[in-house]
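Listed below are the residues making up each chain.
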Amino acid sequence: MPTPDWLTLLQLPTYTPDLNPQKGIWSLVKREIGNLAAAGLGQVTRAVRRKLKMLQYRPEAIGGCLAGTGLALSA
């Protein structure tokens, strides 16, 4: 079936979690809170914030997540 003239088709890339450095960061966070027996959502929120705050001071961990994708930051 031909595509109508008014319709533009764009081929989007497939989902590639291995090229997404955020997946590595969340993996580190989940590893830390995976066995947390939280009494409520507030406790989970505090644990996630605490871990993200700790990661801010570990640039090698963040760099490792970026390096795992094969991507690089440009200066």
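Structure: see above.
Here is what the cut-offs are and how they apply
- Residues numbered from 1 in each chain as written.
- Predicted model: local features only at pLDDT ≥ 70, side-chain atom pairs only at ≥ 80, totals over all residues.
- Heavy atoms only, no water.
- Patch = residues over 30% accessible without salt bridge, like charges linked within 9 Å, V, L, I, M, F, W, Y side chains within 5 Å.
- Areas by Shrake-Rupley, 256 points an atom, 1.4 Å probe, with all protein chains shown as cover.
- Salt bridge = Lys/Arg side-chain N within 4 Å of Asp/Glu carboxyl O.
- Helix = DSSP H or I, 4+ residues; strand = E, 2+ residues; numbered from the N terminus.
- Buried < 20%, exposed > 50% of the residue type's maximum accessible area, 1.4 Å probe, protein only.
- Polar contact = N/O pair within 3.5 Å; in protein donor to acceptor, adjacent residues only side chain to side chain.
- Contact = heavy atoms within 4.5 Å.
- Arc of directions from axis to C-beta.
- Expected span 1.5 Å × (residues − 1).

Colleague: Which parts of the structure should I look at to understand a nonpolar patch on the surface?
Modeller: Together, W6, L7 and L9 line one region of the surface with nonpolar side chains, adding up to about 400 Å² of accessible area. You can see W6 is positioned in the segment before α1 (21-33). Owing to a relative accessible area of 71%, W6 belongs among the exposed residues under this scheme.

Colleague: Got a minute to help me understand the pattern of salt bridges in this structure?
Modeller: In this structure the tally under the stated criterion is two salt bridges. The partner of E32 in a salt bridge is K51, and the shortest N-O contact between them spans 3.6 Å. Remark: K51 occurs in helix α2 (residues 41-56) and E32 occurs in helix α1; sequence separation between them is 19 residues. Since its relative accessible area comes to 48%, E32 is described here as partly exposed. Of the residues examined, K51 reaches a relative accessible area of 8% and is grouped as buried. Linking R58 and E60 is a salt bridge whose minimum nitrogen-to-oxygen distance equals 3.4 Å.

Colleague: Honestly, the side chain of T69 in this entry has me stumped. Any pointers?
Modeller: Within the element layout of this structure, T69 appears in the segment after α3 (59-67). A distance of 2.5 Å separates a polar side-chain atom of T69 from the backbone oxygen of L66. Leave out the neighbours within four places in its chain, and T69 touches D18, L19, N20 and P21.

Colleague: Teacher, can you tell me more about α3 here?
Modeller: Restricting attention to buried positions, one finds in α3 the residues A61, C65 and L66. Projection of α3 onto a plane perpendicular to its axis shows the buried side chains occupying an angular sector of 140°, all on one side. Exposed positions of α3 whose direction lies more than 90 degrees from the buried face are P59, E60 and A67. Residues of α3 that are buried in the fold lie against α1 and α2.

Colleague: Can you walk me through α2 in this structure?
Modeller: With 16 residues, α2 extends 23 Å between its outermost C-alpha atoms, agreeing within 8% with the 22 Å of an ideal straight helix rising 1.5 Å per residue. For α2, the complete set of buried residues consists of A47, V48, K51 and L55. The buried side chains of α2 occupy one side of the element, clustering within an arc of 95° when seen end-on. The outward face of α2, more than 90 degrees from its buried face, is lined by the exposed residues R46, R49, R50 and Q56. Residues of α2 that are buried make contact with α1 and α3.

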